[in-house]
Amino acid sequence: MKTRPHNDRQVLEVSRRGILVGAAGLSFGFAFQLAPQAAAQSGPLTFNAFVRIAPNGTITIVSPAIEMGQGVNTSLPLIFAEELDADWSKVVIETAPVAEVYNHPVRQTQVVVGSLTIRGYWMAARTAGAQARQMLIEAAATQLGVPASELKTEPSLVVHGTSGRKLPYGEIAAAMKLPEKLPDIKPDQLKPVANFRLIGADIPRIDIAEKSTGRMIYAIDVRVPGMVYGTIARSPVRGSGPVSFNREELKGLPDIIEAVAFDHGVGIVGRTVEAVFSARSQLKAQWRAAPGSNTDSDTAMQIALDRARDPKVQGVIGRSAGDIAAAFVAAAKVHSSEYMTDYVYHAQMEPHACVASVEAQSVEVWSGTQWPTQARDEAAKATGLGKEQVKFHLMQMGGGFGRRVSVEYVIDAIMLSKAVGKPVKMLLSREDDVATGRLRPMTAQRIDVALDNAGKITGWRHRIAADTVVPYLYGKGRLEAQKGVDHIVMAGAEMPHYDISAMTAEHIYEERGIRTAAFRGIGAGHNNFAIEAVIDELARAAGKDPVDYRLMVLKDPRAKKIIEHVAGMADWKKKRDGRGLGVAFAKLGTAQTGFSVAGTVVEVSIEASTGKLAIHNLWCAVDVGLPVQPRNVIAQIEGSLLYALGSALKERVTIKGGAVEQQNFHDYELIRQSDVPPMHVEIVRSGDIPMPVGELSISGVIPAISNAVFTLTGKRLRHAPFSPDRVKAGLA
């Protein structure tokens, strides 16, 4: 198996002919058109937009989703290849160009978000692979002069069982003519899961060698003829822009070509990266006032907490079930609790980079983005050209985590190229990437729980005071269409796995003028902290073991099983001197797509003199349905555990005067190798459909740590991250 970039000279003809396949209440749609091909092909035969087979047997699979570190450029082609019955050693993988035919079947746009790539393409990819296999069987039947019903396939071979004759796929493709109509593949005609030989096996990722040896090419590595370099100094405060700046002084610096004011910032272009960044350091700008110019995160947190407490402050109901008012009227007791989380920066390894070359009748772009369709469309708008005049080279992303859903860096590169009439590589320094980061919202949360005389949960009211994300990311129209529900902020606030008959989750808007974005795990990272910490509080109040209590109040069999499993992994009942264990349940998905579930247990100790937390072990059991690549699933879970550990212990953005105070990784501290505990991850298999993976373990870490500290000390940490000063204050 090999990989290569998409050949932009190849044209795939796309029609609106649709294939709709239903699964788990979802509709999936791909549109294919058969390309006319003559017999005796000298080159590859194109079966559909995803599969080509050359006479020498090489099978090219076009992967429709862009890779950002989760391994989808291996996992997705595996699904096509499984149903095609391809010999994996003969497979070459290409990254799809930006085109409607490669749209995500659920999102209806080319986008990688929400850990929904494999789940979303699952049935459509299987169907496309099965169609190509069926066409090969029918062509082989004609070539062998036997009924198609007598034929079967082995890896890259069509076999006639009676005579033992075998035809390689390449030989069939070289001689066959495509049918006028694609075969109609029903779900029951797909390969039984029990017969899978690629899916579920530990097939190595295709990008390991290139990434391990530094040969992988990212946007930051691209060079094109005549290229110069640029950067954008965005205004420190969202919605602001330059009133004036020292343009002539900057233009007079060595190797600087241009310095230009835009509505949102100042662009600097030069002949070398060093010259551009040196000029950036000498920028003196006066910025106009903006709505967030006076925001102070410490003050804003207290305001948000006061508003979350005040029942007169009404928010937008984002999640609800049952009669919540009646539940609280009838309650024998109400338990109330509050939790807080700070702003967090994505800290993707590759700061934003994009190469753009604008000409009179075309624009060419090289960039990594989670939303290729949006990037192409915005490039067209920025240049006044048609979408067909945008040539977009999709590059690997050096980390995304939700940050690269926003595509403003692509537009910045285009504007710089227009300003100087040359190809420009736009680069942000880490300092500017931090200063203008789009952050996970800051939250203040209050949960009120109604209990009956027996201590059973009868009502759950969750109030989340937080910035909005949807209008800033998708536009105000999207929020209005969703009746004010910010699905990014509210993600994870639903509680379908718990036996709670009445619940609401309410978003109290806190419009602070801060740049916000979806963050890995989206809302679940902060919402599940509060939920699982409160579940732990209820267990302690009831005099129950936290694991036993969860098994009592969970109603979903998969959720119960995952908590039992992780408790067994951690030897939960074992006493540990000077250390405490905490447990948390987590889920990822929606009622429409289905949920993956996880159980997390953390073992902690505290250095009393400093307040520093030490994490000694992390156990995590996950049920992701059918794991397409089990070892890659474990790797993704481990990566998410570490990512969450950073926001649990150290990562925090503070705002003064509307601007980010942190500058780089010296004051926005990430976890270090010395902070990394032994991690123990196990997969609990259930079902025959893959469920979301990449963000699953994000939301269990923070509550598990908080719960572990309570086990150890009897004191509860309520404000993440749990920095040493906060720990010391919490234990006082």
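Residues numbered from 1 in each chain as written. Predicted model: local features only at pLDDT ≥ 70, side-chain atom pairs only at ≥ 80, totals over all residues. Heavy atoms only, no water.

Re the overall build of the protein
The number of helices and strands found in the protein is 20 helices and 31 strands. Relative to the compact-globule value of 27 Å for 732 residues, the protein shows a C-alpha radius of gyration of 27 Å, a close match. In terms of overall dimensions, the protein has a C-alpha envelope of 85 × 70 × 45 Å along the principal axes. Residues counted as buried form 60% of the 732 residues belonging to the protein. (Helix = DSSP H or I, 4+ residues; strand = E, 2+ residues; numbered from the N terminus. Rg over C-alpha atoms; globule rule 2.2 N^0.38 Å. Buried < 20%, exposed > 50% of the residue type's maximum accessible area, 1.4 Å probe, protein only.)

As for the sheet that holds strand S9 (residues 157-160)
In spatial order, the strands read S8-S9-S10; together these 3 strands make up an open sheet with antiparallel pairing. The open sheet has two free edges, formed respectively by strand S8 (151-154) and strand S10 (166-168), since each of these has just one partner strand. Averaged over all pairs of adjacent strands, the angle between their axes in this sheet comes to 25°, without regard to strand direction. Sheet topology places S8 next to S9; 4 bridges connect them, and they run antiparallel. If you follow Leu-151 over to S9, its bridge partner there is His-160. Against the sheet, helix H2 (residues 117-144) touches S8, S9 and S10, its axis set at about 125° to S8. (Pairing = 2+ DSSP bridges. Axes fitted to C-alpha atoms, helices over the stretch in contact; angles between N-to-C directions. Contact = heavy atoms within 4.5 Å.)

Some thoughts on the pattern of salt bridges
Going through the model one piece at a time under the given rule, you end up with 53 salt bridges. With its nearest N and O atoms 2.8 Å apart, the salt bridge here joins Glu-82 to Lys-191. Separated by 109 residues along the polypeptide, Glu-82 in helix H1 (residues 72-84) and Lys-191 in the loop between helix H3 (169-175) and helix H4 (208-213) bring together distant segments of the chain. According to the relative accessible area criterion, Glu-82 is buried, its value standing at 0%. Glu-338 is the salt-bridge partner of Arg-309, the closest N and O atoms lying 2.7 Å from each other. Remark: Glu-338 occurs in strand S17 (residues 333-341) and Arg-309 occurs in helix H7 (residues 297-309); sequence separation between them is 29 residues. Taking relative accessible area as the criterion, Arg-309 reaches 38% and is therefore assigned partly exposed. Taking relative accessible area as the criterion, Glu-338 reaches 17% and is therefore assigned buried. Connected via shared salt-bridge partners are Asp-296, Asp-298, Asp-342, Arg-652, Lys-656 and Arg-726. (Salt bridge = Lys/Arg side-chain N within 4 Å of Asp/Glu carboxyl O.)

Re the packing of helix H15 (residues 524-541) against helix H16 (residues 546-553)
Here H15 crosses H16 at 105°, and the two axes come no closer than 9 Å. In this view, H15 runs roughly perpendicular relative to H16, as classed from their interaxial angle. Here H15 contributes Glu-532, Ile-535, Asp-536, Leu-538, Ala-539 and Arg-540 to the contact with H16, which in turn contributes Pro-546, Tyr-549 and Arg-550. Classifying every residue of the contact of H15 with H16 by side-chain character gives 5 nonpolar, no polar and 4 charged. (Parallel < 35°, antiparallel > 145°, perpendicular 65-115°, else oblique. Nonpolar A, V, L, I, M, F, W, Y, C, P; charged D, E, K, R; others polar.)

Topic: the packing of helix H9 (residues 372-383) against helix H10 (residues 408-420)
Where H9 contacts H10, the axes come no closer than 9 Å and their chain directions differ by 30°. Relative to H10, the element H9 is oriented roughly parallel. In this structure, H9 meets H10 at a crossing whose hand is right-handed. Residues Ala-375, Glu-378, Ala-379, Ala-382 and Thr-383 of H9 pack against Val-410, Ile-411, Ile-414 and Lys-418 of H10. Counted by class, the contact of H9 with H10 contains 6 nonpolar, 1 polar and 2 charged residues. (Left-handed = near helix turned anticlockwise from the far one by under 90°.)

Focus: the environment of Ser-609
Along the polypeptide, Ser-609 turns up in the loop between strand S26 (594-607) and strand S27 (612-623). Sequence separation between Ser-609 and Ala-567 is 42 residues, and the spatial gap between their C-alpha atoms is 31 Å.

Section: the side chain of Asp-448
The topology assignment puts Asp-448 in strand S22 (residues 443-451). We classify Asp-448 as buried; its relative accessible area is 6%. In terms of polar contacts, Asp-448 uses its side chain to reach the side chain of Ser-336, at 2.5 Å. A distance of 3.2 Å separates a polar atom in the side chain of Asp-448 from a polar atom in the side chain of Arg-446. Setting aside anything within four residues of it in sequence, one finds Asp-448 in contact with Phe-328, Val-334, His-335, Ser-336, Gly-459, Trp-460 and Arg-461. (Polar contact = N/O pair within 3.5 Å; in protein donor to acceptor, adjacent residues only side chain to side chain.)

What about the packing of aromatic side chains?
Enumeration over the complete set of coordinates arrives at 10 aromatic pairs. Among the aromatic side chains, those forming a connected cluster through ring pairs are Phe-50, Phe-80 and Tyr-102. Across from the ring centre of Tyr-643, 5.4 Å away, lies the NZ or CZ of Arg-520, which sits over that ring. The positively charged end of Arg-716 is found above the aromatic ring belonging to Phe-710, 4.3 Å away from the centroid. (Phe/Tyr/Trp six-rings, centres within 6.5 Å; stacked < 30°, edge-to-face > 60°. Lys NZ or Arg CZ within 6 Å of the ring centre and 35° of its normal.)

Considerations on the nonpolar core
Inside soluble globular proteins, nonpolar side chains tend to come together where they are buried. Among the nonpolar cores identified, the biggest contains 111 residues, and Ile-457, Trp-460, Ile-637, Ile-705 and Phe-722 are the most heavily contacted of them. In terms of nonpolar packing, the next biggest core, distinct from the first, is built from 90 residues, Phe-50, Ile-53, Ile-61 and Leu-84 among them. (Core = buried A, V, L, I, M, F, W, Y, C linked by side-chain atoms within 4.5 Å.)

Concerning the sheet that holds strand S23 (residues 457-466)
Reading across the sheet, the 6 strands line up as S16-S24-S23-S22-S17-S31 and stay open at both edges, with mixed pairing between neighbours. Two strands in the sheet have a free side with no partner beyond their single neighbour: strand S16 (316-321) and strand S31 (719-720). Summarising the sheet, S23 and strand S24 (residues 503-509) pair through 7 bridges and their orientation is parallel. In the sheet register, His-462 faces S24, and the bridge partner there is Ala-505.

Description of the domain arrangement of the protein
As assigned here, the protein comprises domain 1 (45-209), domain 2 (228-290 + 352-427) and domain 3 (297-344 + 439-731). Here the C-alpha centroids of domain 1 and domain 3 sit 39 Å apart. Contacts between the two partners involve 22 residues from domain 1 and, on the opposite side, 20 residues from domain 3. Where domain 1 abuts domain 3, roughly 1700 Å² becomes buried across the two surfaces, and 53% of that area is made up of carbon and sulfur atoms. Summed over the shared surface of domain 1 and domain 3, the result is 0 salt bridges. (Domains from an automatic or database assignment. Buried area = accessible area lost by both parts, 1.4 Å probe.)

Quick notes on the side chain of Ser-115
Summarising the element assignment, Ser-115 is placed in the loop between strand S7 (91-95) and H2. A distance of 2.8 Å separates a polar atom in the side chain of Ser-115 from a polar atom in the side chain of Glu-695. The contact partners of Ser-115, leaving out residues within four places of it in the chain, are Leu-588, Pro-692, Val-693, Gly-694 and Glu-695.

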